[in-house]
Amino acid sequence: MTNKSLEKATFAGGCFWCMVKPFDTQPGIERVVSGYTGGHTVNPTYEEVCSGTTGHTEAIEITFDPAIFPYEKLVEVYWQQTDPTDAAGQFVDRGDSYRPVIFYHNEEQKEIAEKSKAALDASGKFKKPIVTEIAKAETFYPAEEYHQDFYKKEKAHYEGYQVASGRAAFIDANWKG
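Residues numbered from 1 in each chain as written. Predicted model: local features only at pLDDT ≥ 70, side-chain atom pairs only at ≥ 80, totals over all residues. Heavy atoms only, no water.

Under an unreviewed UniProt entry, the name given to the protein is Peptide methionine sulfoxide reductase MsrA, and the source organism is Listeria seeligeri. The Sequence similarities (unreviewed entry) comment attached to the protein in UniProt states, word for word, "Belongs to the MsrA Met sulfoxide reductase family." Word for word, the UniProt comment on the protein under Function (unreviewed entry) is "Has an important function as a repair enzyme for proteins that have been inactivated by oxidation. Catalyzes the reversible oxidation-reduction of methionine sulfoxide in proteins to methionine." (UniProt positions renumbered as here; feature names shortened; annotations may be inferred.)

Structure, rendered in structure tokens:
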């Protein structure tokens, strides 16, 4: 496979630790990186982003092969990791740095994301409106190494956080079955 066939996708859905595994385990995914995007500070640190002063959001950047796992499927996986009705954060993580955003890299991704959001909203799956933002991708800054592949490095901590944050219960209640 040549690198020409690979594309990028960027999603924010609360704590980036919880967003990596659902994508990392899919076919055609080359890499998933935790990081920060959408703000005004160059090379922000985790502490700076958490302070709420950088304008950045915790996000993941996915390098994928669209011939194996198309962008439409990535967006579908994305919705199933989030509460798309909560613009003020995700689960126990509150504030702009944890807001849900689909960051598009081109007009095709923007169109796919907007159609998918409209379809989810029209489906009646949620009583509240779908408020996930769809925004143009900006510079992505990888997070510190200890945040990368957290679900692999700190399995017990990751699994405990999934439960304690309320994410696991929400996903089970709203997306499974």
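Undergrad: Help me understand the pattern of salt bridges in this model?
TA: For the structure shown, the criterion picks out seven salt bridges. Glu145 serves as the salt-bridge partner of Lys153, at 3.2 Å between the closest nitrogen and oxygen. What makes Lys153 partly exposed here is its relative accessible area of 41%. (Salt bridge = Lys/Arg side-chain N within 4 Å of Asp/Glu carboxyl O. Buried < 20%, exposed > 50% of the residue type's maximum accessible area, 1.4 Å probe, protein only.)

Undergrad: Sorry, what's going on with the UniProt feature "domain: Peptide methionine sulphoxide reductase MsrA" (unreviewed entry) in the protein here?
TA: As annotated in UniProt, the feature "domain: Peptide methionine sulphoxide reductase MsrA" (unreviewed entry) corresponds to residues 8-159 in the numbering used here. The distance from the first to the last C-alpha atom of residues 8-159 is 27 Å, and the span holds 32% helix and 26% strand. (Helix = DSSP H or I, 4+ residues; strand = E, 2+ residues; numbered from the N terminus.)

Undergrad: How should I be thinking about the sheet that holds strand β8 (residues 140-142) in this particular structure?
TA: The strands that make up a sheet pair up through hydrogen bonds in the backbone, lying either parallel or antiparallel. Taking strand neighbours across the sheet as the criterion, the six strands line up as β7-β6-β1-β3-β2-β8 in an open arrangement whose pairing is mixed. A single partner strand is all that each edge strand has here, and the edge strands are β7 (133-136) and β8. Within this sheet the neighbouring strands show an average axis-to-axis angle of 35°, counted without direction. Alignment of strand β2 (residues 29-37) against β8, held across three bridges, turns out to be antiparallel. Counterpart to Thr37 in the pairing with β8 is Phe140. (Pairing = 2+ DSSP bridges. Axes fitted to C-alpha atoms, helices over the stretch in contact; angles between N-to-C directions.)

Undergrad: In this structure, what is going on with the side chain of Thr54? I would like to understand it.
TA: Here Thr54 shows up in the loop between α2 (46-50) and β3 (57-64). Polar contacts involving the side chain of Thr54 include one to the main-chain amide nitrogen of His56, which spans 3.1 Å. (Polar contact = N/O pair within 3.5 Å; in protein donor to acceptor, adjacent residues only side chain to side chain.)

Undergrad: Help me understand the packing of aromatic side chains, please; the structure alone is not making it clear to me.
TA: Two numbers describe a pair of aromatic rings. These are the distance of the centres and the angle of the planes. With the rule as written, the count across this model stands at 13 aromatic pairs. Pairing Phe11 with Tyr71 gives two aromatic rings, centres 6.2 Å apart and planes at 25°, and the pair type is stacked. Placement of Phe11 in strand β1 (residues 7-13) and of Tyr71 in helix α3 (residues 71-79) is noted, with a sequence separation of 60 residues between them. Each of the two residues, Phe11 as well as Tyr71, counts as buried. An angle of 35° between the planes, with centres 6.4 Å apart, marks the rings of Phe16 and Tyr46 as tilted. Of the two residues, Phe16 sits in helix α1 (residues 16-24) while Tyr46 sits in helix α2, which places them 30 residues apart along the sequence. An aromatic cluster is present here, built from Phe11, Phe23, Phe64, Tyr71, Tyr78 and Trp79 joined pairwise through their rings. The residue whose ring lies beneath Lys125 is Trp175, and the NZ or CZ to ring-centre distance is 4.9 Å. (Phe/Tyr/Trp six-rings, centres within 6.5 Å; stacked < 30°, edge-to-face > 60°. Lys NZ or Arg CZ within 6 Å of the ring centre and 35° of its normal.)

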